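Summary of the model geometry
Listed below are the residues making up each chain.
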Amino acid sequence: MARDKIEGNVKAWFIGGGVGSLAGAAFMIRDGGIPGKNITVLEELPVNGGSCDGGGDPDGGFVVRGGRMMNLPTYECTWALFKDIPSLTAPGMSVYEEILDFNERVKTRAKARLVNRQREKVDVETMGFSFRDRVELLRLTKASEEELGDTKITDWFSPDFFQTNFWYLWSTTFAFQPWHSALELKLYMDRFLHEFYRINTLEGVARTPLNQYESLVLPLQNWLEQRGVRFEYGCRVTDLDIAKEDGLNVVKGIVCERKSAGAAKRERITVGDGDLVFMQNGSMTECSSLGSMKRAPKMLGKDDGSCWGLWERIAEGRPEFGNPRNFDERISESVWESFTVTLKDNAFVDKMVEFSGNKPGTGALVTFKDSNWLMSVVLAYQPHFRKQPEGVKVFWGYGLFPDRVGNFVPKKMSDCTGEEILAEICGHLGFEPTVFAEANCIPCMMPYITSMFLTRAKGDRPLPVPAGTKNLGFISQFVEVPKDVVFTVEFSVRAAQMAVYQILGIDKKIPEVSRYDRSLKIMRLSLRTAYRRGRGPRRSKATEHMEA
Ligand SMILES: Cc1cc2nc3c(=O)[nH]c(=O)nc-3n(C[C@H](O)[C@H](O)[C@H](O)COP(=O)(O)OP(=O)(O)OC[C@H]3O[C@@H](n4cnc5c(N)ncnc54)[C@H](O)[C@@H]3O)c2cc1C
């Protein structure tokens, strides 16, 4: 659509209030000159932020479904946007400046990144590669997108590779599973190659001062509100009315259920000539559910939410809108479980600091590499919430294999209550259960959490603005964004910038994806890391030779 046609009284609807949509609305205002009052965000939940969440209170327990690690050398679109968004907690600073300042003060350097079954810190100086592992990794990084196609990671590596330190470090940092997309792993190797040489300490991880809902989403929402953007919560969009005009798909109406006084009312919002719609197709936290200390979380499916159903409905007969079923029908390959623990005393934190050698906020992840659930815990800088009183501490963790029976609790993680998850953590650390005497652990089941890592074929993800579409853009983790990697805030922000710029015809440069994989310095460091030897047991040259 040409820019001259969309100025004036154009209205825009964003379906979904995730960070991607909020970024999209900000790009419309800042770079497209669209007045904020013309923009409405329709969100089915009672809050914005979607997967970038953080809520609760000291008594009921705090919850973050995810704890986000950011990266300062990359996240180009995110930082360029948040340079213009004032912080709500650091007067006079932008969100970006506040994050820079925080990471200058609180530096990450994990001293207990992997812990083994003997409850010992593993020497992670070495990646633990054999000659064959190195050859296979090199082969993957050199493969073209066509060669990688819809293959799995296991198609490219021998079983030993999945026992290397590298695999434990990389897979738990980014949440890869062996059956996930080999193409996505290659994209990650390219995008984050500059982190490979320090993946054992996670020194490249940048954190937000508080949880990401309060440090990123709220300031952005506040900026939009000040410019008149309207937010409608409890509004579930169930369908789009799409007509064919001059061979183009044109959205004419948004069918939704609005909650009022507890009842859902079906309505149709008219999308006028020249008006625009941006939709969040797919969400990694769709149909997630919370448990409690005494209750395991429920396993929900796509019919319990509206996100996947909406995408399926509009993609029916329109292959250019992608193939949602590739992502929403393989829960066993995409599910895992996280948990948030609110502590009303210091017992656990003190023991953890003593064990790991890291103060809260400096250790990033501690992974129990031999745990059946492949469990990790993260002790963020405290306080993690604005409402967190002195003396209350919060930590987060997750298990990548919730369908397996624990090492200390004879139950699948998915069947465990918060209490039982805490017992499993004590087992792996050798701590007395009394460290959790004052703890409230809230588990969270996320059936689609790694759905965007599933093997995919060309066309399964639509373009941010599909060909032959007049007034509809897609903003999510499930669109085609060349060279960028999913499971990041950056991916959604970049997708938003691409969709908005294209539809509004904004003639400004979108920050490029940095190519550290082409830096000689990074290549040299990476090579050195791949051959680095640690202090622990290592394979002999003869074994390596035989394996090769
Ligand atoms: C456990 C976990 C760990 C993570 N770790 C990291 C990390 O380390 N680093 C990093 O950068 N990122 C991380 N992320 C990812 C990051 O949070 C997401 O990529 C990002 O928040 C996705 O934003 P989004 O706006 O695209 O989608 P979402 O946040 O999923 O938002 C979609 C929104 O749309 C709404 N919606 C959907 N359909 C409808 C409908 N039909 N009607 C009305 N509303 C609808 C949903 O309710 C939701 O609010 C993590 C996320 C999680 C959950």
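See the structure above.
In short, a report on the structure. (Residues numbered from 1 in each chain as written. Predicted model: local features only at pLDDT ≥ 70, side-chain atom pairs only at ≥ 80, totals over all residues. Heavy atoms only, no water.)

Looking at the overall build of the chain
Operational definition: Secondary structure elements are defined from DSSP: runs of H or I of at least 4 residues count as helices, runs of E of at least 2 residues count as strands, and each element is numbered from the N terminus. All radius of gyration figures rest on C-alpha atoms, and the globule criterion is 2.2 Å times the number of residues raised to 0.38. Remark: exposure states derive from per-residue accessible area (1.4 Å probe, protein chains only) relative to the maximum for the residue type, with buried under 20%, exposed over 50%, and partly exposed in between. All accessibility values rest on the Shrake-Rupley procedure with a 1.4 Å probe; residue burial counts only the protein chains present in the view. Note on charges: Lys and Arg go in the positive column, Asp and Glu in the negative column, and His and the chain ends are not counted at all. Just so you know, the charge point we use is NZ for Lys, CZ for Arg, CG for Asp and CD for Glu.
In terms of helices and strands, the chain carries 18 helices and 19 strands. Taken over the C-alpha trace, the chain has a radius of gyration of 23 Å; the compact-globule value for 548 residues is 24 Å, and the two agree within 12%. The dimensions of the chain, computed from C-alpha atoms along their principal axes, are 70 × 55 × 45 Å. Per-residue burial for the chain yields a buried fraction of 62% across its 548 residues. For the chain, the exposed surface amounts to about 21900 Å²; the carbon and sulfur share of it is 51%. Across the chain, the centroid of the 72 positively charged side chains sits 3 Å from that of the 71 negatively charged ones.

Thoughts on the pairing of strand β14 (residues 336-343)
Put simply, the rule reads: Pairing between strands is defined by DSSP: at least two bridges between the two strands are required.
With respect to burial, β14 is a largely interior element, eight of its eight residues being buried. Side chains Trp-336, Ser-338, Thr-340 and Thr-342 project from β14 onto one buried face, and the interleaved Glu-337, Phe-339, Val-341 and Leu-343 project onto a second face that is buried too. Relative to strand β18 (residues 439-446), β14 is paired through eight bridges, and the arrangement is antiparallel. Looking at the pairing, Trp-336 lines up with Met-446 of β18. Note that β14 and strand β17 (residues 393-399) share seven bridges and pair antiparallel. Within β17, the position partnered with Ser-338 by the bridge is Tyr-398.

Re the sheet that holds strand β15 (residues 365-368)
Overall, mixed pairing links the seven strands, which are arranged β6-β15-β16-β17-β14-β18-β13 in an open sheet. If you trace the sheet from one side to the other, it starts and ends with β6 (114-115) and β13 (289-290), each paired once. In the sheet, β6 pairs with β15 via two bridges, with the strands oriented parallel. Bridge pairing in β15 places Leu-114 opposite Thr-367.

Let's talk about the pattern of salt bridges
Rule in force here: One side-chain nitrogen of Lys or Arg within 4 Å of one carboxyl oxygen of Asp or Glu is enough to make a salt bridge.
Here the structure, examined in full by the defined rule, presents 40 salt bridges. The partner of Arg-258 in a salt bridge is Glu-267, with the nearest N and O atoms 2.4 Å apart. The exposure class assigned to Glu-267 is partly exposed, which follows from its relative accessible area of 24%. The residue Glu-312 makes a salt bridge to Lys-302 at a minimum N-O spacing of 2.6 Å. Taken together, the positions of Glu-312 in helix α11 (residues 307-315) and Lys-302 in the loop between β13 and α11 put the pair ten residues apart, joining distant regions of the chain. As far as the burial class goes, Glu-312 and Lys-302 line up, both buried.

A closer look at the sheet that holds strand β9 (residues 235-245)
Filter applied, for reference: For helices, the axis comes from a line fit to the C-alpha atoms of the stretch in contact; other axes are also lines fit to C-alpha atoms, and the angle between any two N-to-C directions lies between 0 and 180 degrees.
Read from one edge of the open sheet, three strands run β9-β10-β11, paired in antiparallel fashion. In this open sheet, the two edge strands, each paired with only one partner strand, are β9 and β11 (263-270). Averaged over all adjacent pairs, the angle separating strand axes in this sheet is 25°, with direction ignored. Relative to β11, strand β10 (residues 248-260) runs antiparallel, the two being bridged by eight bridges.

Structural notes on unusual backbone geometry
Omega for the peptide link from Gln-382 to Pro-383 comes to 0°, which places this bond in the cis form. Note on placement: Pro-383 falls in the loop between β16 (375-378) and β17. Not every positive phi belongs to a glycine, and Arg-119 is a case in point at roughly 65°. By secondary structure assignment, the location of Arg-119 is in the loop between β6 and α5 (131-142). A relative accessible area of 37% places Arg-119 in the partly exposed class. Unusually for a residue other than glycine, Asp-246 sits at a positive phi of about 50°.

Some details on the site of the ligand
What counts here: Proximity is defined per residue: if any heavy atom of the residue lies within 4 Å of a molecule or strand, that residue is considered near it. Distance and chemistry together define a polar contact, namely a pair of N or O atoms within 3.5 Å, with one atom able to donate a hydrogen and the other to accept it when in protein, and with adjacent residues in sequence counting only for side-chain atoms on both sides.
Every one of the 39 residues lining the ligand counts as a neighbour, but Glu-43, Ser-51, Tyr-75, Ser-283 and Ser-492 are closest to it. Here Met-69 contributes a backbone N or O atom positioned 2.7 Å from an oxygen atom of the ligand. Here Thr-488 contributes a backbone N or O atom positioned 3.1 Å from an oxygen atom of the ligand. Contact with the protein chains removes 97% of the 1000 Å² of surface that the ligand exposes when unbound. Residue assignment for the shell around the ligand shows that the elements contributing at least two residues are α2 (19-30), β9, α11 and α16 (489-504).

Overview of helix α8 (residues 182-191)
Going by this rule: Throughout, a residue-residue contact means that at least one pair of heavy atoms, one from each residue, lies within 4.5 Å.
With ten of its ten residues buried, α8 lies for the most part within the structure. When we look at burial in α8, the residues that qualify are Ala-182, Leu-183, Glu-184, Leu-185, Lys-186, Leu-187, Tyr-188, Met-189, Asp-190 and Arg-191. Looking at the packing, one finds that the buried side of α8 touches α3 (76-82), α5, α6 (145-148), α7 (165-174), α9 (193-196) and α16. With a side-chain oxygen positioned 3.2 Å from the backbone nitrogen of Leu-183, the residue opening α8 is Ser-181.

Some thoughts on the environment of Met-127
Checked against the element boundaries, Met-127 lands in the loop between β6 and α5. Once residues lying within four places of it in the same chain are set aside, the contact partners of Met-127 are Thr-164, Asn-165, Phe-166, Leu-169, Phe-196, Ile-199, Asn-200, Thr-529 and Arg-532.

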